[in-house]
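# Working through the structure, step by step
Below are the chains, spelled out letter by letter.
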Amino acid sequence: MTFLVVGESLVDLIGAPGSWTFTAVPGGSPLNVAVALAALGRPVRFAGEAGDDFFGGLLRDHLIRHGIGTGDLAPATATGLAFARVGAGGSASYDFRFDWTFSAPVALDGMTCLHTGSLATLAAPGGDHVRGLMRAAAESGITVSYDPNIRPSLIGDRARALAHVEECVRLARLVKVSAEDLDWLYPGEPWPGVARRWAGLGPALVVVTRGADGAAAVLDGEVIACPAPAVEVVDTVGAGDTFTAAYLDTLDGAPLSAERVAEALRRGCAAAAIVCTRAGAVPPTREEVKSFSQGTGASRDEEGHE
C-alpha cells in the first residue's frame, strides 16, 4: 500500500507524574499513525496543518526525521496543543488548545489507502472537508481506513458526533475503534453488538481495541480475538495509533481472510505493547514488532463473547 494519512498534528505536552512539569513531543492521532507507518518502512504522505511557530517547527522536524515530506502541510494560525497528564496505569487524560480549519486540496493520485479519523473528521469546520476527502477516495476505489479516536472534551454534542462517526464508518472499508470510544458513543451497549452493527453499515472489517484485554475483529460475521502481551507500562500515549499502523501494514491490501486478520491483530497488539513501554508515541520498527509478536496468538469466537 501507498498511504495517505489526513488529520491533525499536535504537540503533546506530557506532564511528569506528580508534577506540573511538561515535556513537548509531537503528537496527534493521525500524525502518530503516519510516523508509525514510516517506522515500519511504508511510503506515506501526511496532510494536515501546522503553525509557523516553534511548535510547528517541532512537527516539521519530526516528519522530516521519519522520511515524511511536509508539502501537504497547510498553514495554521497556531499549532495545536494537547496537554496530557499520565494517571494510574499509564493512561493519559487530555486538555486541548486546538482549532481545525483544514480546507487544502489533497491529491489522491497514486494512493492505495487513505487513513483518517480523530478530531480531523469531527471538529468544525475542517471535518466537513476531511469527510469529503473520504468520500472522494472511496468513489475512486482507494481503501479508506478510519479510527474515530473520540476526544469528548472537544466533540461537544454526542448526537451530532455520532451522526458524523456513522457517516465515516459507511465510507470506510477498514475501521478500528477502541472499546472506550464505543462506550462513549453507545453507553451501556456491549462492544460485540455495536461492532457487528457497524460491519453491517459497509466496512469489510471492524477492529475493536480493548486495552489490556487485547483486540478483536468482526470479519464476515465472525469475531477474531487476540490477547495483549503483558508489559511494564510507562504510558499509553500513541498505543492505539501504533496498533493502527501495524495492522494496516500487515493487511497490505491483501484479501481479507481470517488468517490475515488474525496476524494483523497479533502484530497490532505487539506494536501497541512496545510503545506502552516507552514515554510518548515512539513507534517500533518492523524488526521489533516481528520479534516481539512471536508467541502472541489470535483465536476465533463465533459468538463474540467478551
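Here the residue numbering is sequential within each chain, running from 1 through the sequence in written order. Local features are withheld for residues below a pLDDT of 70 in this predicted model, meaning they are given only at 70 or higher, and side-chain atom pairs are given and counted only at 80 or more; totals for whole chains, interfaces and linings count all residues. Only hydrogens and water are removed before side-chain values are computed, so all heavy atoms of the structure are retained for them.

### Thoughts on helix H2 (residues 54-65)
With twelve residues, H2 ought to run about 16 Å at 1.5 Å a step, and its terminal C-alpha atoms sit 16 Å apart, in line with that. All of the buried residues along H2 are Gly56, Leu59, His62 and Leu63. End-on view of H2: buried residues confined to an arc of 120 degrees, all on one side of the axis. Structural note: H2 exposes Phe54, Ile64 and Arg65 on the side pointing more than 90 degrees away from its buried face. On the buried face of H2, the contacting elements are strand E2 (10-15), strand E3 (22-27), helix H1 (29-39), strand E4 (44-51) and strand E5 (73-76). Strands here mean DSSP runs of E at least two residues long; helices mean DSSP runs of H or I at least four residues long; both are numbered from the N terminus. Positioned one or two residues after H2, Gly67 has a phi angle of 80 degrees, which is positive. The length a helix should cover is 1.5 Å for every residue beyond the first. Accessible area is worked out with a 1.4 Å probe on protein chains only. A residue is then buried under 20% of its type maximum, exposed over 50%, and partly exposed in between. The directions considered for the arc run from the helix axis to the C-beta atoms. Contacts are assigned to residue pairs that have any heavy atoms within 4.5 Å of one another.

### Considerations on the sheet that holds E3
Should DSSP find at least two bridges between two strands, the strands are taken to pair. An order of E3-E2-E6-E7 is seen for the four strands of this open sheet, with the pairing classed as mixed. What marks the edges here is a single partner per strand, and that holds for E3 and strand E7 (92-97). The average angle at which neighbouring strand axes cross in this sheet is 25 degrees, direction not considered. With six bridges connecting them, E2 and E3 associate as antiparallel partners. The residue bridging Asp12 from the neighbouring strand is Val25, located in E3. Only C-alpha atoms enter the line fits that serve as axes; for helices the fit covers just the stretch in contact. Angles between N-to-C directions range over 0 to 180 degrees. The strands touched by H2 are E2, E3 and strand E6 (80-86); relative to E3, the strand with the most contacts, the crossing angle is about 50 degrees.

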